[in-house]
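Listed here are the chains, written in short residue letters.
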Amino acid sequence: MINGTDGSFFPPFRTRDQILYAFSPDMCRSYKLTYLRDNTVNNIKTYDFHLPKDIFNFSLAENDGFCEMGHCIGNGVLNISKCYGGVSGYVS
């Protein structure tokens, strides 16, 4: 399932407690971004949203299905080989 935007933009007026969703073709999956901290860019107050620490925790139900035939390399590493026609590739 593809959720969210391409990650380059999101609707305005987000709040700190919201979760943002995007799709990464490099990871071949959708992912969520969670609030990390307030920031200022060119004197404009912003919120920084980042990947949560558990993005590659395969014991979580939301990450179920991202392991090849149920066999994971381990938490923290996503095998993206299927995405690239079998060429070995990993994201950590």
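Residues numbered from 1 in each chain as written. Predicted model: local features only at pLDDT ≥ 70, side-chain atom pairs only at ≥ 80, totals over all residues. Heavy atoms only, no water.

Taken in spatial order, the 3 strands of this open sheet run E1-E2-E3, and their pairing is antiparallel. If you trace the sheet from one side to the other, it starts and ends with strand E1 (20–24) and strand E3 (44–50), each paired once. The sheet shows a mean angle of 45 degrees between the axes of neighbouring strands, direction not considered. In this structure, E1 lies alongside strand E2 (residues 29–41), joined through 5 bridges in antiparallel fashion. The residue bridging Phe 23 from the neighbouring strand is Ser 30, located in E2. (Pairing = 2+ DSSP bridges. Helix = DSSP H or I, 4+ residues; strand = E, 2+ residues; numbered from the N terminus. Axes fitted to C-alpha atoms, helices over the stretch in contact; angles between N-to-C directions.)

A word on the side chain of Ser 81. Relative to the helices and strands, Ser 81 resides in the loop between strand E4 (78–79) and strand E5 (90–91). Every residue in contact with Ser 81, bar those within four places of it in the chain, is listed here: Gly 86, Val 87, Ser 88, Gly 89 and Tyr 90. (Contact = heavy atoms within 4.5 Å.)

Right, let's get into the pairing of E3. One ladder, built from 7 bridges, connects E2 with E3; its direction is antiparallel. Along E3, the bridge assignment pairs Val 41 with Ile 44. Here E2 folds back onto E3, and the loop between the two strands holds 2 residues, one of which, Asn 42, carries a positive phi near 50 degrees.

Let's shift gears to the side chain of Asp 48. Within the secondary structure layout, Asp 48 lies in strand E3. A polar atom in the side chain of Asp 48 sits 3.2 Å from the side chain of Asn 39. Other than its neighbours up to four places away in sequence, Asp 48 contacts Thr 34, Tyr 35, Leu 36, Arg 37 and Asn 39. (Polar contact = N/O pair within 3.5 Å; in protein donor to acceptor, adjacent residues only side chain to side chain.)

Moving on to the packing of aromatic side chains. Counted according to the given criterion, the structure contains 2 aromatic pairs. Look at Tyr 35 and Phe 49: their rings are 6.1 Å apart centre to centre, the planes differ by 75 degrees, and that puts the pair in the edge-to-face class. Linking Tyr 35 in strand E2 with Phe 49 in strand E3, this pair joins segments that are 14 residues apart in sequence. On the accessibility criterion, Tyr 35 (27% relative accessible area) is partly exposed. Judged by its relative accessible area of 16%, Phe 49 is buried. (Phe/Tyr/Trp six-rings, centres within 6.5 Å; stacked < 30°, edge-to-face > 60°. Buried < 20%, exposed > 50% of the residue type's maximum accessible area, 1.4 Å probe, protein only.)

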